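Examination of the molecular architecture
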Amino acid sequence: MSYETILVEQRGAVTLVTLNRPQALNALNSQVLSELLGAMRAFDADPSQGCAVLTGSEKAFAAGADIKEMQAQGFADMYGHDFFAGWDVFTRTRKPIIAAVSGFALGGGCEVAMMCDFILAADTAKFGQPEIKLAVTPGMGGSQRLARAVGKAKAMEMCLTGRMMGAEEAERAGLVSRVVPAAELVEDAVKTAATIASMAPLAVKANKEMVNAAFETTLAQGVAFERRLFHAMFGTADQSEGMAAFVEKRPGNWTGK
Ligand code: HXC
């Protein structure tokens, strides 16, 4: 499959997807969306692939939804076509996706990074929801995911003022898992993804599903869901293999069953 606005590369069991519209700082237009969704579906369906990394350029992960594409749209276009709804498919990928963010992750760029399972940030990363400066609001989950990630005070301040948050502040606030030097970002993300891809595939899916459940359930429901999934892992061949491998002091040899 050939794409024009993204680059897709397989590095062993890791799919590396690079946003590639440098002339527009990787602004997310309809073509980027459809290509990204195609690449993510292919990744999810490919049994040789265990984890994906989504990254951009050194200057910009993505500077937002494409303002030039949205400029002429009215309510009927936006509401009638449920503009941005397509991005929800992105969050339904069952294998993990790491966002590796360098430079600007603004508006839709910040929102897509937050749709990924976690964010690794370069020390140059800048996160923001500047939509208010365009007299609009976040539209791809930014107000909701940012509030859950960093709490009300910071999310509210960022949405109301459009100010950007640097990498260190983002790490302190819990928006990103780690900050690494910009020059090491992609290699670190691919290495982290390779570690995830080396785990038993059903356990990877189950761990992702249960952490995500924490954001959709009460504590009691989430804990019950976790326990049932934990029980279910004991119906897998890889659980027997994983525990035998530990006892026999050797690496596990997974079948994905
Ligand atoms: C379309 C964009 C763009 C965007 C940058 N460009 N961001 N095009 N949509 N979101 C284009 C510029 O027009 C310019 O094209 C080229 O990329 C380089 O950008 P510059 O502004 O010249 O770069 P710089 O001076 O370094 O400033 C970088 C920046 C600034 C601070 C990131 O580009 C910026 O503020 N961008 C907009 C950020 C934003 O508001 N994002 C949220 C969008 S709304 P030309 O052709 O002039 O060279 C959104 C969610 C929508 O994402 C939800 C509901 C509507």
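Residues numbered from 1 in each chain as written. Predicted model: local features only at pLDDT ≥ 70, side-chain atom pairs only at ≥ 80, totals over all residues. Heavy atoms only, no water.

In the nomenclature of an unreviewed UniProt entry, the protein is known as Enoyl-CoA hydratase of Sphingomonas rustica. UniProt annotates the protein under Sequence similarities (unreviewed entry) with the comment "Belongs to the enoyl-CoA hydratase/isomerase family." (UniProt positions renumbered as here; feature names shortened; annotations may be inferred.)

**Quick notes on helix 10 (residues 201-213)**
For helix 10, which comprises 13 residues, the first-to-last C-alpha distance of 18 Å matches the rise-based estimate of 18 Å (1.5 Å per residue) to within 8%. Buried within helix 10 we find Val 204, Ala 206, Lys 208, Met 210 and Ala 213. The secondary structure elements touched by the buried residues of helix 10 are helix 9 (185-197) and helix 11 (219-233). (Helix = DSSP H or I, 4+ residues; strand = E, 2+ residues; numbered from the N terminus. Expected span 1.5 Å × (residues − 1). Buried < 20%, exposed > 50% of the residue type's maximum accessible area, 1.4 Å probe, protein only. Contact = heavy atoms within 4.5 Å.)

**Looking at the packing of helix 5 (residues 108-115) against helix 6 (residues 142-150)**
It is the contact of helix 5 with helix 6, at a shortest axis distance of 9 Å, that shows an interaxial angle of 55 degrees. Our classification of the angle between helix 5 and helix 6 gives oblique. Crossing of helix 5 over helix 6 shows left-handed handedness. Across the interface between the two elements, Glu 111, Met 114 and Met 115 from helix 5 touch Gly 142, Arg 145 and Leu 146 from helix 6. When the residues that make up the contact of helix 5 with helix 6 are grouped by side-chain class, the tally is three nonpolar, one polar and two charged. (Axes fitted to C-alpha atoms, helices over the stretch in contact; angles between N-to-C directions. Parallel < 35°, antiparallel > 145°, perpendicular 65-115°, else oblique. Left-handed = near helix turned anticlockwise from the far one by under 90°. Nonpolar A, V, L, I, M, F, W, Y, C, P; charged D, E, K, R; others polar.)

**Remarks on the packing of aromatic side chains**
The full count for this structure, using the stated rule, is four aromatic pairs. Pairing Phe 83 with Phe 84 gives two aromatic rings, centres 4.8 Å apart and planes at 55 degrees, and the pair type is tilted. Phe 84 gets classed as buried once you look at its relative accessible area, which sits at 19%. Sitting over the ring of Phe 43, Lys 95 keeps its end group 5.3 Å from the ring centre. (Phe/Tyr/Trp six-rings, centres within 6.5 Å; stacked < 30°, edge-to-face > 60°. Lys NZ or Arg CZ within 6 Å of the ring centre and 35° of its normal.)

**Description of a nonpolar patch on the surface**
On the surface, Ile 67, Leu 134 and Val 136 cluster together to form a nonpolar patch covering roughly 260 Å² of accessible area. Structurally, Val 136 can be placed in the loop between strand 8 (126-128) and helix 6. Here Val 136 falls in the partly exposed class, since its relative accessible area comes to 45%. (Patch = residues over 30% accessible without salt bridge, like charges linked within 9 Å, V, L, I, M, F, W, Y side chains within 5 Å. Areas by Shrake-Rupley, 256 points an atom, 1.4 Å probe, with all protein chains shown as cover. Salt bridge = Lys/Arg side-chain N within 4 Å of Asp/Glu carboxyl O.)

**A closer look at the environment of Gly 151**
Mapped onto the fold, Gly 151 is located in the loop between helix 6 and helix 7 (152-161). Residue Gly 151 is classed as partly exposed on the basis of its relative accessible area, which comes to 26%. Between the C-alpha atoms of Gly 151 and Ala 245, which are 94 residues apart in sequence, the distance is 41 Å.

**Topic: the site of the ligand**
The environment of the ligand is made up of 24 residues, and the closest members are Lys 59, Ala 63, Ala 65, Ile 67 and Gly 108. A distance of 2.6 Å separates an oxygen atom of the ligand from a polar atom in the backbone of Ala 65. Here Gly 108 contributes a backbone N or O atom positioned 2.7 Å from an oxygen atom of the ligand. If the ligand stood free it would expose 1000 Å²; the protein chains cover 64% of that surface. For the shell around the ligand, the elements supplying multiple residues, two or more each, are helix 2 (67-70) and strand 6 (104-106). The element contributing the most residues to the shell around the ligand is helix 2, with three residues. Split by residue class, the shell around the ligand holds 14 nonpolar, six polar and four charged. (Near = heavy atom within 4 Å. Polar contact = N/O pair within 3.5 Å; in protein donor to acceptor, adjacent residues only side chain to side chain.)

**Some details on the layout of surface pockets**
Rolling a probe over the atoms, with the probe sized like a water molecule, indicates the empty space that remains. By volume, the largest pocket is sized at about 1200 Å³. Every residue lining the largest pocket is counted, 35 residues in all, and those nearest its centre are Cys 116, Asp 117, Val 211, Asn 212 and Phe 215. Breaking the lining of the largest pocket down by element, the ones donating at least two residues are helix 4 (88-91), helix 5, strand 7 (118-122), helix 6 and helix 10. A per-element tally of the lining of the largest pocket places helix 10 first, with eight residues. Per-class residue counts for the lining of the largest pocket are 20 nonpolar, six polar and nine charged. Considering only enclosed or pocket space, the second largest pocket measures out at about 720 Å³ in volume. (1 Å grid on protein atoms, 1.4 Å probe; cavity = no way out; pocket = protein on both sides within 12 Å on 5 of 7 lines; lining within 4 Å. Points joined across faces, edges and corners; volume = space filled by probe spheres on them.)

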